[in-house]
Amino acid sequence: MGRIKKTQNKAEVQERIYQVSRDLINMENCEDIRRKYMAEWNCSNTNVNWYIKKAYDLIDKSTQKNIDRLINRQMATLEKIANSAITNNDRANSIKAVDTMNKLMNLYVEKSEVTVNTDAPIQISFGDLTVSTSEDNNE
């Protein structure tokens, strides 16, 4: 009969996901990938879309794993630098190393400068205390 062949095993499915992920990494257009594999694998647009989604998931997982590995390697290096600086009574470099470690772990919030242009009075509240920049407020 004219039946479409289904994928037979997990290895074949994984290989297709890897093929699509390689195409995505090589910056191929998703529409081109769809046309290519619909013809090559004799499957539907929906099936190829599923492979594309799984390929993106694989790329994300691989990227995150590499980032985690790099962060761990950097942290180990910074710990060695900090320990060596402390051992050598080099407080400035030990503080710099710890500071860099904290930044790497996103423990700091990046500061932003804000410019406000207005003629209206600005009021700032700290709990029960309200500070006004208006000069005509004589309370």
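This structure is a prediction, so every number in the text was calculated from the model and none was measured. (Residues numbered from 1 in each chain as written. Predicted model: local features only at pLDDT ≥ 70, side-chain atom pairs only at ≥ 80, totals over all residues. Heavy atoms only, no water.)

A. A look at helix α2 (residues 30–41). Along its twelve residues, α2 runs 16 Å from first to last C-alpha, staying within 8% of the 16 Å computed at 1.5 Å per residue. Those residues of α2 that sit buried are Ile33, Arg34, Tyr37 and Trp41. Along the long axis of α2, the arc covered by the buried residues comes to 100°, so they all point the same way. On its buried face, α2 sits against α1 (10–25) and α3 (45–87). Its side-chain oxygen at 2.6 Å from the backbone nitrogen of Glu31, Asn29 defines the N-terminal cap of α2. Asn42 occupies a position one or two residues after α2 and carries a positive phi of about 55°. (Helix = DSSP H or I, 4+ residues; strand = E, 2+ residues; numbered from the N terminus. Expected span 1.5 Å × (residues − 1). Buried < 20%, exposed > 50% of the residue type's maximum accessible area, 1.4 Å probe, protein only. Arc of directions from axis to C-beta. Contact = heavy atoms within 4.5 Å. Polar contact = N/O pair within 3.5 Å; in protein donor to acceptor, adjacent residues only side chain to side chain.)

B. Fine view of the nonpolar core. Ranked by internal contacts, the top residues of the largest apolar core, which has 13 residues, are Val20, Leu24, Ile33, Tyr37, Trp41 and Tyr51. Looking at this core, the elements with two or more residues in it are α1, α2 and α3. Ranked by residues supplied to this core, first place goes to α3 with five residues. Apart from the residues lying within four places of it in its own chain, the contact partners of Leu24 are Cys30, Ile33, Ile52, Ala55, Tyr56 and Ile59. (Core = buried A, V, L, I, M, F, W, Y, C linked by side-chain atoms within 4.5 Å.)

C. Region of interest: the confidence of the model for the protein. Looking at the protein, the pLDDT average stands at 85 and 84% of residues meet or exceed 70. Within the protein, α2 carries the highest mean pLDDT (96), whereas strand β2 (residues 129–132) carries the lowest (62). (pLDDT = per-residue confidence, 0-100.)

D. Broad picture of the packing of α2 against α3. Two elements in contact, α2 and α3, have axes whose closest approach is 9 Å; the angle formed by their N-to-C orientations is 120°. Here α3 runs oblique to α2, going by the angle between their axes. For the crossing formed where α2 meets α3, the hand is right-handed. Contacts between α2 and α3 involve Cys30, Ile33, Arg34, Tyr37, Met38 and Trp41 on the former and, on the latter, Asn45, Val48, Asn49, Tyr51, Ile52 and Tyr56. Among the residues making up the contact of α2 with α3, the classes are represented as nine nonpolar, two polar and one charged. (Axes fitted to C-alpha atoms, helices over the stretch in contact; angles between N-to-C directions. Parallel < 35°, antiparallel > 145°, perpendicular 65-115°, else oblique. Left-handed = near helix turned anticlockwise from the far one by under 90°. Nonpolar A, V, L, I, M, F, W, Y, C, P; charged D, E, K, R; others polar.)

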